[in-house]
Amino acid sequence: MRCALKPSDPAGDLPERTAQSLRALAGGPISRLPQLLEAMVTVGSDHDLRRALDRIAETAASLTGARHAAIGLRDADGGGPDEWITHGLSPEDGPPTGASMEVPIQVQGELFGTLYLAGKDDGGEFGEGDLHLVRVLATEAGIVLSNARMYAAARQRRRWIEGAASVTTALLAGPGARASATHALTVVAEQGRELAEAATGAVLLPHDEGGMGVVAISTGLSEAVRAEAFRGRIPPESPVLHQLHAGLGVFSDDFAADPRSISPLSRYYGPTMLLPLRSNGRVLGALALCRMSGDRRFSHTERTLGTLFAAQAAVALVLADRHRDRERLAVFEDRDRIARDLHDLVIQRLFATGMMLETARRQAQLPEVRDGLGEAIDELDATIQEIRTAIIALQQGPPEVPPGLRTRVLRAAGTATAALGGRPSVRFVGPVDARVDDRSGRELLAALDEALTAVEGSAAAQPARVSVVVDATATLPDGRAGVRLTVSCPDGSHPPLTWERPLHGRAA
């Protein structure tokens, strides 16, 4: 007789059937009851899931006289069986062939697997007493599996929550808060990869040519694969991109064979998650978490936790970016304060000192005293010009903002410092950045480089003091408003060089 109890068996709820089985055992083959109870106590106190299930399979075979026993476990998403616990045969053999008894392992309607028995020692068939015994063991196995999975799920959720918190901490505190945006994205990729137990984690952001491209990656693959990742991108017309922009994750059990995949890197990967980095209803980019071909697929729980992690990471990225903005603002406010102090205090005092020296020079009787005071006044004027140049440099914007003409002129002067033997004095007249258009600015810089190069050639033997003046309020000989560049040497070691152009575009 074949005894099989399927999950859909109309015999009723499994706990109730288990109670019936225990009552039946009490009035039946009582000799087997102590061994059953001993096995239940041992299994219930064993925290090792695999060992507990081995004991259940062994006890089921021993109590029923079966030569073969197997427990087929379903995966966390209800598929399978994806794992076998066996007694009397190899796990690779799967369920015993010619099975004569199958009992579902379930708790509160959730099916965890099936307990199989086959091959009675005496060559007979399994009876009702055997079925009652196996029902009790199946219930115990269900309880053990339910507890183990609840514990594993709680531990997994805790890992992801702690991982998300560590990302936020890394981006908002310590070195991470002052690091570049690229570093922040790399932190997200590395932490996501570790939590998902993936081979690769990558962050994708909108690409200049449309779509999305990889901007940060964490992978154990070769440097060639890393370089290849940065060259690829998801095109704007991709359905994957449309789904991400809608705030939905994209999941694949085999990325290499997925028709939605157009990345050349897909050949390396199997299970993959593409998760939107979304904050305040806006999708900033995506987080890709990829396992190698043949690795286990992402469970429903992992997909849910990964989606929540990506959302938390997006919030952390936005907060970190704002934190860096506040830090930069504090730096520029401090620089602006220093610039004001230099202008309002230092330059005024130097100017007053220069006036006192000029008065003393006019009243001096001896020629050598007048000459010495004149040289001191010239040095003081040069110092004032240097301080004004420093003030202008302090007032420049952040490095990621395209530099204005003032900044580019100062950089050109700084580059020539070594060859000239000293930093050129730079003075600006009028709102240079506001009045001079881009084309005139490029021509002015070319003329400045040419003039400084000419002075450098004559300064090979002796350092040259160079004065650079950019006047955005100049009036050209034909009466038009223009910009004038003058490069001169106050000591007369090199003739002055002048370049001028009419203003057109912004202030024409």
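Data block above holds the structure.
Right, let's walk through the structure included here. This one's a predicted model, so the numbers in the text were calculated from it and none came from an experiment. (Residues numbered from 1 in each chain as written. Predicted model: local features only at pLDDT ≥ 70, side-chain atom pairs only at ≥ 80, totals over all residues. Heavy atoms only, no water.)

## Regarding the overall build of the chain
Here is step 1: In terms of regular secondary structure, the chain is built from 14 helices and 15 strands.
Here is step 2: Every one of the 508 residues in the chain was classed for burial, and the buried ones make up 43%.
Here is step 3: Residue pairs in contact within the chain that sit at least 24 positions apart in sequence constitute 60% of those at least 6 positions apart.
Here is step 4: Total accessible area on the chain stands at roughly 25,800 Å², and carbon and sulfur atoms take up 54% of it. (Helix = DSSP H or I, 4+ residues; strand = E, 2+ residues; numbered from the N terminus. Buried < 20%, exposed > 50% of the residue type's maximum accessible area, 1.4 Å probe, protein only. Contact = heavy atoms within 4.5 Å. Areas by Shrake-Rupley, 256 points an atom, 1.4 Å probe, with all protein chains shown as cover.)

## Observations concerning the sheet that holds strand β13 (residues 467-475)
Adjacent strands of a sheet pair through backbone hydrogen bonds, lying either parallel or antiparallel.
Here is step 1: Pairing is mixed across the open sheet formed by 4 strands, whose spatial order is β12-β13-β14-β15. Edge positions in the sheet fall to β12 (425-429) and β15 (497-502), since each of these pairs with one other strand and no more. Each neighbouring strand pair of the sheet contributes to a mean axis angle of 15°, computed without reference to strand direction.
Here is step 2: Direction of pairing for strand β14 (residues 481-488) relative to β15: antiparallel, over a ladder of 6 bridges. From the neighbouring strand, G482 faces β15, where its bridge partner is P502.
Here is step 3: The strands that helix α11 (residues 405-415) touches are β12 and β13; relative to β12, the one it contacts most, it runs at about 165°. (Pairing = 2+ DSSP bridges. Axes fitted to C-alpha atoms, helices over the stretch in contact; angles between N-to-C directions.)

## Points about the packing of aromatic side chains
Here is step 1: Applying the stated criterion across every chain yields a total of 3 aromatic pairs.
Here is step 2: With a centroid separation of 5.7 Å and 45° between ring planes, the pair formed by W84 and Y116 is classed as tilted. Note that W84 is positioned in strand β3 (residues 83-87) and Y116 in strand β5 (residues 110-120), a separation of 32 residues in sequence. (Phe/Tyr/Trp six-rings, centres within 6.5 Å; stacked < 30°, edge-to-face > 60°.)

## A word on the nonpolar core
Here is step 1: Within the largest apolar cluster, 30 residues are counted, with the highest numbers of intra-cluster contacts made by L171, V203, L277 and L289.
Here is step 2: Among the secondary structure elements, those contributing two or more residues to this core are α4 (128-172), α6 (181-196), β10 (269-279), β11 (282-292) and α9 (300-363).
Here is step 3: Broken down by element, this core gets its largest block of residues, 9 residues, from α9.
Here is step 4: L277 has contacts with V203, R282, V283, L284, G285, A286, L287, A310, A313, A314 and L317, leaving out every residue within four places of it along the chain. (Core = buried A, V, L, I, M, F, W, Y, C linked by side-chain atoms within 4.5 Å.)

## Description of the sheet that holds strand β8 (residues 233-234)
Here is step 1: If you walk across this open sheet you meet the 6 strands as β8-β7-β6-β11-β10-β9, and the pairing is antiparallel. Only two strands of the sheet have a single neighbouring strand rather than two, namely β8 and β9 (250-252).
Here is step 2: One ladder, built from 3 bridges, connects β9 with β10; its direction is antiparallel. The partner of S252 across the bridge, within β10, is T272.
Here is step 3: Against the sheet, helix α7 (residues 223-231) makes contact with β7 (212-219) and β8, and its axis sits at roughly 160° relative to β7, the strand it touches most.

## Observations regarding the environment of P431
Here is step 1: Note on placement: P431 falls in the loop between β12 and α13 (432-435).
Here is step 2: The class of P431 is partly exposed, set by a relative accessible area of 44%.
Here is step 3: Taking the C-alpha atoms as reference points, P431 and T473, separated by 42 residues in sequence, lie 8.2 Å from one another.

## What to know about unusual backbone geometry
Here is step 1: Not every positive phi belongs to a glycine, and E197 is a case in point at roughly 50°.
Here is step 2: In this fold, E197 is placed in the loop between α6 and β6 (200-206).
Here is step 3: Backbone geometry places N280, a non-glycine residue, at a positive phi of 55°.
Here is step 4: Relative to the assigned elements, N280 resides in the loop between β10 and β11.
Here is step 5: For N280, a relative accessible area of 75% puts it in the exposed group.

## Some thoughts on the pattern of salt bridges
Here is step 1: For the structure shown, the criterion picks out 11 salt bridges.
Here is step 2: As a salt-bridge pair, E358 and R361 come within 2.7 Å of each other at their nearest N and O atoms. Placement of both E358 and R361 in helix α9 is noted, with a separation of 3 residues, approximately one turn of the helix.
Here is step 3: Judged by its relative accessible area of 21%, E358 falls in the partly exposed class.
Here is step 4: One network of salt bridges, with partners in common, ties together E197, R291, R296 and E302. (Salt bridge = Lys/Arg side-chain N within 4 Å of Asp/Glu carboxyl O.)

## Regarding the pairing of β7
Here is step 1: With 7 of 8 residues buried, β7 lies mostly within the body of the structure.
Here is step 2: Between β6 and β7, which pair antiparallel one after the other, the connecting turn spans 5 residues, and G210 there sits at a positive phi close to 100°.
Here is step 3: Relative to β8, β7 runs antiparallel, the two sharing 2 bridges. Counterpart to G213 in the pairing with β8 is R233.

## A look at the side chain of T59
Here is step 1: With respect to the helices, strands and loops of the structure, T59 is situated in helix α3 (residues 49-64).
Here is step 2: Residue T59 is classed as buried on the basis of its relative accessible area of 4%.
Here is step 3: Of the polar contacts made by the side chain of T59, one reaches the backbone oxygen of R55; its length is 2.7 Å. (Polar contact = N/O pair within 3.5 Å; in protein donor to acceptor, adjacent residues only side chain to side chain.)

## A few points about the side chain of T200
Here is step 1: Tracing the sequence through the fold places T200 in strand β6.
Here is step 2: At 2.7 Å, the side chain of T200 forms a polar contact with the side chain of T219.
Here is step 3: Beyond its immediate stretch of four places on either side in the chain, T200 contacts R193, I217, S218, T219, L221, Y269, A288, L289 and C290.

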